[in-house]
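Structural characterization, general
Here are the chains, one letter per residue:
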Amino acid sequence: KNEVEQSPQNLTAQEGEFITINCSYSVGISALHWLQQHPGGGIVSLFMLSSGKKKHGRLIATINIQEKHSSLHITASHPRDSAVYICAVDRQGAQKLVFGQGTRLTINP
Amino acid sequence: KAGVTQTPRYLIKTRGQQVTLSCSPISGHRSVSWYQQTPGQGLQFLFEYFSETQRNKGNFPGRFSGRQFSNSRSEMNVSTLELGDSALYLCASSWGQVQGYTFGSGTRLTVV
């Protein structure tokens, strides 16, 4: 079983819909990261969380340390949000990212 | 402020050859980590350097090696290339442990 599991693996939605991507992990962590990868490969770091909730524009990320679960929400989704979203965790005691398999999001106009 | 720079962007090599990839971190960042991304395995951690010392290594064969220079620039080397080494290789830099990461655009390596 992977240490970091994301769901869903693929998600297609209409422009304007509210999007939720989930991430569960099974190891002790120092922090959890949400990353965005567009075609072509470049990765952008969206959030780093160790507790609670963070918001940036239309993106919201939450983490529940006790339940080992995090969610990424996108409000008023737009076609430019189409990308692969990756959850990654910093394992406790190690400078080493462990990645989920990614969620491919497609927003249709 | 310059981002993380990886060179080259694309590379085609033949089986059995070796390759060296370069990563220049954001100025002031002392930690550089390397990752391999393939369609089958996704993103996997290769190794991490901090102040010229390798602090962590992933589960990759000894053909994969790296180093970091005093200016924090890092290189990774893959010797005796195999077809399965074809991948996108990404590096990321950060200030240190449990800090945000900034990723480079990656080097896409194709082994033929």
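Our structure is the block above this text.
What you are looking at is a predicted structure, and each value in this text was computed from that prediction instead of being measured.

What follows deals with the overall build of chain B. Helix and strand content of chain B: zero helices and 11 strands. Secondary structure elements of chain B, listed N to C terminal, follow the sequence β-β-β-β-β-β-β-β-β-β-β. A compact globule built from 112 residues should have a C-alpha radius of gyration of about 13 Å, and chain B, at 13 Å, falls within 12% of that. Relative to its full complement of 112 residues, chain B shows a buried share of 50%.

All right, on to the layout of surface pockets then. Reported here for the largest pocket is a volume of approximately 670 Å³. Residue lining of the largest pocket: 31 residues in total, with Q37, V84 and R104 of chain A together with Q37 and P39 of chain B positioned closest to the centre. Those elements giving two or more residues to the lining of the largest pocket turn out to be β9 (83-91) and β11 (103-108) of chain A together with β4 (31-38), β5 (42-50), β9 (87-94) and β11 (107-111) of chain B. At four residues, β11 of chain A tops the list of elements feeding residues into the lining of the largest pocket. Here the lining of the largest pocket is built from residues that sort into 10 nonpolar, 19 polar and two charged. Approximately 430 Å³ is the volume attributed to the second largest pocket. In this structure, the second largest pocket is lined by 18 residues; those nearest its centre are V98 and F99 of chain A together with Q41, L43 and Q44 of chain B. Taken together, the elements giving at least two residues each to the lining of the second largest pocket come down to β10 (97-99) of chain A together with β5 of chain B.

Below, the discussion takes up the interface of chain A and chain B. Tallying the contact residues gives 19 residues for chain A and 23 residues for chain B. Here chain A packs against chain B, burying approximately 1600 Å² in sum over the two surfaces, 58% of which is carbon and sulfur. Our count for the contact surface shared by chain A and chain B stands at zero salt bridges. Summed over the shared surface of chain A and chain B, the number is two residue pairs in polar contact (both at pLDDT 80 or more). Secondary structure elements with two or more residues in the side of chain A that touches chain B: β4 (29-37), β5 (43-49), β9 and β10 of chain A. The leading source of residues in the side of chain A that touches chain B is β4 of chain A, at five residues.

With that settled, the discussion passes to unusual backbone geometry. Following S7 of chain A, the chain continues into P8 of chain A via a peptide bond in cis, with omega recorded as -10°. As for its position among the elements, P8 of chain A is in the loop between β1 (4-7) and β2 (10-14). Here the bond from T7 of chain B into P8 of chain B is cis, since omega is -10°, no more than 30 degrees from zero. Structurally, the position occupied by P8 of chain B is in the loop between β1 (5-7) and β2 (10-13). Although it is not a glycine, S72 of chain B adopts a positive phi angle of roughly 80°. Mapped onto the fold, S72 of chain B is located in the loop between β7 (64-68) and β8 (74-78). The class for S72 of chain B is buried, based on a relative accessible area of 12%.

Glancing now at the environment of N59 of chain B. All names here are of chain B. Examined against the element boundaries, N59 turns out to sit in the loop between β6 (53-57) and β7. Given a relative accessible area of 77%, N59 falls into the exposed group. As a C-alpha pair, N59 and G100 span 41 residues in sequence and 23 Å in three-dimensional space.

Once that is clear, we can look at the nonpolar core. Core analysis: the biggest nonpolar cluster contains 25 residues, and I19, L32, W34 and V89 of chain A have the highest contact counts within it. Sorting the residues of this core by element identifies β2, β3 (19-25), β4, β5, β7 (59-64), β8 (69-74), β9 and β11 of chain A as the ones contributing at least two each. Residues L11, C23, I26 and M76 of chain B belong to the second largest nonpolar core, which totals 21 residues.

What follows concerns the pattern of salt bridges. Residue and element names in this part refer to chain B. Across all of its chains, the model carries seven salt bridges over all chains by this definition. Of the charged contacts, one joins R63 and E82 as a salt bridge, the two residues approaching to 3.6 Å between their closest N and O atoms. Pair noted here: R63 is in the loop between β6 and β7 and E82 is in the loop between β8 and β9, with a separation of 19 residues, a long-range link. Taken together, the shared-partner salt bridges in this structure form one network comprising R63, E82 and D85.

Conventions adopted
- Just so you know, the residues in each chain are numbered from 1, in the order the chain's sequence is written.
- Here the convention is simple: chains get letters from A, ligands get numbers from 1, in the order in which they are written.
- In view of the model being predicted, local features appear only for residues whose pLDDT reaches at least 70, and side-chain atom pairs are presented and counted only at 80 or more, with totals across whole chains, interfaces and linings using the full set of residues.
- Side-chain numbers here rest on the full set of heavy atoms in the structure, without hydrogens or water.
- Secondary structure elements follow DSSP: runs of H or I no shorter than four residues count as helices, runs of E no shorter than two count as strands, and numbering proceeds from the N terminus.
- To get the radius of gyration, use the C-alpha atoms; to get the globule rule, take the number of residues to the power 0.38 and multiply by 2.2 Å.
- Each residue's exposure class comes from its accessible area (1.4 Å probe, protein chains only) as a fraction of the maximum for that residue type: buried when under 20%, exposed when over 50%, partly exposed otherwise.
- Using a 1 Å grid laid over the protein atoms alone, points where a 1.4 Å probe fits but cannot get out form a cavity; open sets with protein on both sides within 12 Å along at least 5 of 7 lines form a pocket; any residue with an atom within 4 Å of a point counts as lining.
- Grid points are joined across faces, edges and corners, and a volume is the space filled by probe spheres set on the points.
- The residue classification treats Ala, Val, Leu, Ile, Met, Phe, Trp, Tyr, Cys and Pro as nonpolar and Asp, Glu, Lys and Arg as charged. All others, Gly included, are polar.
- In this description, contact between two residues means that some pair of their heavy atoms is separated by no more than 4.5 Å.
- Take the accessible area each of two parts loses on contact, using a 1.4 Å probe, and add the two losses: that sum is the buried area.
- One side-chain nitrogen of Lys or Arg within 4 Å of one carboxyl oxygen of Asp or Glu is enough to make a salt bridge.
- Whenever a nitrogen or oxygen atom comes within 3.5 Å of another N or O atom, the pair is scored as a polar contact, on the condition that within protein one atom can donate a hydrogen and the other can accept it, and that pairs from neighbouring residues in sequence are kept only if both atoms are in side chains.
- Only buried Ala, Val, Leu, Ile, Met, Phe, Trp, Tyr and Cys residues count toward a nonpolar core, and they belong to the same one when joined by side-chain atoms within 4.5 Å.

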